[in-house]
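# Analysis of the macromolecular model
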Amino acid sequence: EPTLTPEPTLTPQLLPTPLPSPTPPGVFNFVGQSFTCDGRFQPPLLQVVTLDAAGNGVAGVEVIVEWSGGQDRFFTGLKPELGRGYGDFAMETNLAYTVRLASDPSGEISVRSDPCTDAAGRLIATSVLLTFQQPERP
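To start, this report covers the structure provided alongside it.

Conventions we followed
Residues numbered from 1 in each chain as written. Predicted model: local features only at pLDDT ≥ 70, side-chain atom pairs only at ≥ 80, totals over all residues. Heavy atoms only, no water. Core = buried A, V, L, I, M, F, W, Y, C linked by side-chain atoms within 4.5 Å. Buried < 20%, exposed > 50% of the residue type's maximum accessible area, 1.4 Å probe, protein only. Helix = DSSP H or I, 4+ residues; strand = E, 2+ residues; numbered from the N terminus. Contact = heavy atoms within 4.5 Å. Pairing = 2+ DSSP bridges. Axes fitted to C-alpha atoms, helices over the stretch in contact; angles between N-to-C directions.

## Structural notes on the nonpolar core
Counting 18 residues, the largest nonpolar core has Leu 46, Val 111 and Leu 130 as the members making the most contacts within it. Elements with a contribution of two residues or more to this core: β2 (45-51), β3 (62-67), β6 (96-101), β7 (109-112) and β10 (127-133). The residues contacting Leu 46, other than those within four sequence positions of it, are Val 65, Phe 74, Gly 87, Asp 88, Phe 89, Met 91, Val 99, Val 111, Val 128 and Leu 130.

The structure is reproduced here in structure tokens:
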């Protein structure tokens, strides 16, 4: 005579509640920009510095530069003698550029290299420095 096999019983399992995740390492806030009228930076440079929350340079951050009819990209950290988080790009005078970090497609910053007069009275082009920093983690 056949015997009945008991039905398996399900044991409820408690799933852990997810904790808030820390800020991903690729997230940076735009801190500010400054302009330099210095003949040593000719052609004019778009300089980018990326810092961690403690103010240390972050290498390997991809920067995307776009202008009317073109696009280029570069990475921080390729000139360690200028800082671990430093990268630059040669600009043309009087051309508008849009700059963003690849990790933040919505954080576009517009820059230009306008003419300026240096300390020696020469007409040269302005270089631009953009600084980005990772936020402090809670």
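## Details of the sheet that holds β7
Paired through backbone hydrogen bonds, the strands of a sheet run either parallel or antiparallel to each other. Across the sheet, which stays open at both edges, the 4 strands sit in the order β4-β3-β6-β7 with antiparallel pairing between neighbours. One side of each edge strand has no neighbouring strand; the edge strands of this open sheet are β4 (70-75) and β7. Averaged over all adjacent pairs, the angle separating strand axes in this sheet is 25 degrees, with direction ignored. Where β3 lies against β6, 5 bridges are found, and the strand directions are antiparallel. Bridging from a neighbouring strand, Glu 66 pairs with Thr 98 of β6.

Everything listed here is a matter of geometry and, on its own, says nothing about what the molecule does.
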